[in-house]
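Analysis of the macromolecular model
Here's the letter readout for the chains.
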Amino acid sequence: MEITEFEEKRADNLIWNAAGDYSLVPDFHAYDEEGRAQLYWNSLIGAACRHYEWDKLRTFYESFQKTRHRDWYENLFWIALECSVYELEAAQRPVFPWLRREYAQEELKKLSRDEVFEEAALYRSRDLLRLHMEHVLEADGQKQTGPQGSSKTEPGRSVLGLFSRVSPGDRELLDRIEHVRAQNTEEWIAAVSRILTDSFGYGTEADTPPEKPAPKGLLSRLPIFGGHGTKLEEEELEPVRALAFGWGEHLYEYSPEDPGVYHKSVNFMGGRRPKGMGLQDYIAHHFGTPLYSAAEVRSMEQEYCIQNHKGCHLYFTRGDYTKEMLRDTFAGASRNEALRQRKQNAQDYEKNADRYQVQIAQLTDRLKNSILMHLEEERFVSRSGELMGRRLWRGLLLSDDRLFLKTVPGDTGNLTVDLLLDASTSQESRRKTVAAQGYMIAESLTRCGIPVRVVSFCSMSGYTILTRYRDYGEIHDNDRIFRYSTAGANRDGLAIRLCRGMLEKNPAQHRLLIAVSDCKPYDMIKIQAGRSTHLIDYDEEAAVSDVAAQVHACRMENIAVMCVFTGDDSDLPAARRIYGRSFVRIRDMSQFATAVSALITAQIESM
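Residues numbered from 1 in each chain as written. Predicted model: local features only at pLDDT ≥ 70, side-chain atom pairs only at ≥ 80, totals over all residues. Heavy atoms only, no water.

1. So, the sheet that holds strand 1 (residues 28-31)
Where we set the bar: Strands qualify as paired when DSSP identifies two bridges or more between them. In this text, helices come from DSSP runs of H or I with a minimum length of four residues, and strands from runs of E with a minimum of two, each type numbered from the N-terminal end. Simply put, an axis is a line fit to the C-alpha atoms, just over the touching stretch for a helix, and the angle between two N-to-C directions goes from 0 to 180 degrees.
Taken in spatial order, the three strands line up as 1-3-2 in an open sheet, and their pairing is antiparallel. Strands at the two margins of the open sheet, each flanked by one partner only, are strand 1 and strand 2 (240-243). On average, each strand axis in the sheet is tilted by 30° relative to the strand beside it, whichever way the strands run. Looking at chain direction, strand 2 and strand 3 (residues 246-250) are connected through four bridges and run antiparallel. In the strand pairing of strand 3, Ala242 is matched with Trp247.

2. Let's talk about the state of the cysteines
Here is the rule we go by: When the sulfur atoms of two cysteines come within 2.5 Å, that pair is taken as a disulfide. Only protein chains enter the accessibility calculation, which uses a 1.4 Å probe; a residue is then buried when its area is under 20% of its type maximum, exposed when over 50%, and partly exposed in between.
For the coordinates displayed, the defined rule picks out zero disulfides. Between Cys312, a free cysteine, and Cys305, which holds the nearest cysteine sulfur, the sulfur-to-sulfur gap is 5.7 Å. Looking at Cys312, the relative accessible area reads 3%, which means it is buried.

3. Focus: unusual backbone geometry
The phi torsion of most residues other than glycine is negative, and most of the peptide bonds are trans. With phi around 50°, Glu540 is a residue other than glycine that occupies positive phi space. We classify Glu540 as exposed; its relative accessible area is 61%. The residue Asn558 is not glycine, and still its phi comes out positive at about 60°. Its location among the elements puts Asn558 in the loop between helix 18 (540-556) and strand 14 (559-565). Using a relative accessible area of 62% as the deciding quantity, one classes Asn558 as exposed.

4. Overview of the pairing of strand 3
Where burial is concerned, most of strand 3 is hidden: five out of the five residues are buried. In the sheet, strand 1 pairs with strand 3 via four bridges, with the strands oriented antiparallel. Looking at the pairing, Ala30 lines up with Gly248 of strand 3. Linking strand 2 to strand 3, which pair antiparallel, is a turn of two residues.

5. Considering the sheet that holds strand 11 (residues 510-517)
Put simply, the rule is: Any two residues having at least one pair of non-hydrogen atoms within 4.5 Å are treated as being in contact.
Overall, mixed pairing links the seven strands, which are arranged 4-10-9-8-11-14-15 in an open sheet. For this open sheet the edge positions go to strand 4 (313-317) and strand 15 (583-585), each flanked by a neighbour on one side alone. In this sheet, neighbouring strand axes are inclined to one another by 20° on average, regardless of whether the strands run parallel or antiparallel. Inspection of the sheet shows strand 8 (residues 415-422) paired to strand 11 by seven bridges, in the parallel sense. Considered in strand 11, the bridge of Leu415 is made with His510. Of the strands in this sheet, strand 8, strand 11, strand 14 and strand 15 touch helix 20 (residues 592-605), which is tilted by about 165° from strand 14.

6. Examining helix 16 (residues 431-447)
Rules: Multiply 1.5 Å by the residue count of a helix minus one, and that product is the helix's expected span.
Across its 17 residues, helix 16 extends 24 Å between first and last C-alpha, which sits within 8% of the 24 Å expected from 1.5 Å per residue. Across the 17 residues of helix 16, 14 count as buried, placing the element largely inside the fold. The first or second residue beyond helix 16 is Gly449, which carries a positive phi of 80°.

7. Thoughts on the side chain of Gln550
Position of Gln550 among the secondary structure elements: in helix 18. Judged by its relative accessible area of 10%, Gln550 is buried.

8. Examining the packing of aromatic side chains
Definition in use: Two rings from Phe, Tyr or Trp (for Trp, the six-membered ring) form a pair when their centres sit within 6.5 Å of each other. Planes less than 30 degrees apart are called stacked, planes more than 60 degrees apart edge-to-face, and all others tilted. We call a charge positioned over a ring when the NZ of a Lys or the CZ of an Arg lies within 6 Å of the ring centre and within 35 degrees of the ring normal.
The tally for this structure, following the rule as stated, stands at 29 aromatic pairs. A centroid spacing of 6.5 Å and a plane angle of 85° characterise the contact between Phe60 and Trp188, whose relative ring orientation is edge-to-face. One end of the pair, Phe60, is in helix 3 (residues 54-62); the other, Trp188, is in helix 8 (residues 185-200), with 128 residues separating them in the sequence. Each member of the pair, Phe60 as well as Trp188, is classed as buried. Of note, Arg100 hangs over the ring of Tyr86, and the distance from its end group to the ring centre comes to 4.0 Å. The ring of Tyr538 has Arg491 sitting right over it, with the charged end atom 4.2 Å from the ring centre.

9. Observations regarding the environment of Leu415
Mapping Leu415 onto the fold places it in strand 8. Residue classification places Leu415 among the buried positions, given a relative accessible area of 2%. Residues Leu415 and Leu512 lie 97 residues apart in sequence; the distance between their C-alpha atoms is 7.5 Å.

10. Some thoughts on the environment of Ala284
As for its position among the elements, Ala284 is in helix 10 (residues 279-287). Between the C-alpha atom of Ala284 and that of Phe316, which follows or precedes it by 32 residues, the distance is 9.5 Å. In this structure, Ala284 is in contact with Thr289, Tyr315, Tyr321 and Met325, ignoring residues within four places of it in sequence.

11. Considering helix 3
The following threshold applies: Each direction from the helix axis to a C-beta atom contributes to the arc, which is the arc of those directions.
Buried residues of helix 3: Trp54, Leu57, Phe60 and Tyr61, and no others. The arc that holds the buried residues of helix 3, viewed along the axis, is 120°, so those residues lie on one side. Within helix 3, the exposed residues directed more than 90 degrees away from the buried face are Asp55 and Thr59. Buried residues along helix 3 sit against strand 1, helix 2 (39-51), helix 4 (70-90), helix 8, strand 2 and strand 3.

Take a look at the structure:
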């Protein structure tokens, strides 16, 4: 899930419209599992700001953070607020009953899916939300219809038949929560506090979290063994976290020093990383074991994460997982999705193998011809090589030991290629194509004897993650490129800066960097606007300018840079701005060899 700036602004507008106050600064947003601003809940938040004192409600809400039953309290808070605000708003805005009914119907479809969560409390709170949605539709019955007059649930009918899954105690708890009514904020908080105290001991010593987390055995994760909402382990709070009704972005929990430090790509399997699991460990569970030591990475961050990329962090991997990682259920959804993508990439290539092999053969032949024409062998007199009889006299009479003719191949020894694959979520629909293109380029270069290194990049939670599929000497590892998968955002400028740093240490005379990208850089870590101290998003003009500057810096170091463009028509201006004329767009894979060979040949000719 990726929360974009557009959806953030949409959430603000929904809240402002319902609140009737455009000077309001919202500090909470609601999103669905796709990262879209939730129409009903954001409207409800705005209405709550109009009927109640939001600052007091938030103070009450924040009091849950240091309690044993925080997950329960947060979800019950929102259900109680939804019921109370709806009653106040429905009489004033006829659209509100329709919004509520439409939301309830859609939510019941989602809640009917079988999902796995890390916390038992989340199972139970979602079951309560299911039952609450049933109550909404039962109360509505046939009394109201939507704009198209669609028929609704019959009165008294159970939509999903979930009563057997909710205990009598929880049904009684939900009944009390649904009937919280108050005309002012203090009364509402007092009413909800009484319910939480009666059911969980809110505000008492019994609600204090234990000093040591409880055991995390498999049975302890199941709802039936989870106790009455007892928190099984202490966890660090994340500003974007799962709630029963979707995802809540707690804006006031962002770091005041650098609000961009939290990336809004989150795992939506209902979990948050447990306390004690560092962010690097969390990322490792998603992307694989680290390639470099912590000290080596710190050194690279000091060298590369500067200027526009200050505050960013790096993570390098080969995309490999330990047996312990594969057995671990935490972060398993994202990891298993990446593994599934790998399998699909290889299967798709095999399905089109005949067509792709033709393109590889054509590209290989074209590159070999270009190399023979433009990177010819060099022959010169040396102290070693093939003995030249006609120069023996120079050794005897002039003490000249340069009696040999040395031949230096100019085809591969002086040329290396780095292939950089954009692995952000924006490439998801083109994932199989990018994997195939990366493989075909690498395989053709390998057949030509040209050393090639293949790396993908994406960014998440303030980290730019680089996955190395093969290095220059790993000529039998091109199949690893099918491990390519997409996630998170993309900080192209930092990725190209890293490639430049690696290529500066490359002794080859000719160095070529090929980016496979949609030329749509975006990341949540902000950058400084010119010489001012004002921070702006790493997006659109600011991001494109940064990438263009990094490409220019590469060329100043005699590193040729080109791009295989995979984006849409709307992104063509950015591609031209970044790469000039050194990019190619492939609309049909039958044109792949012709287009790519022409671009690479042009680079070889200029060397």
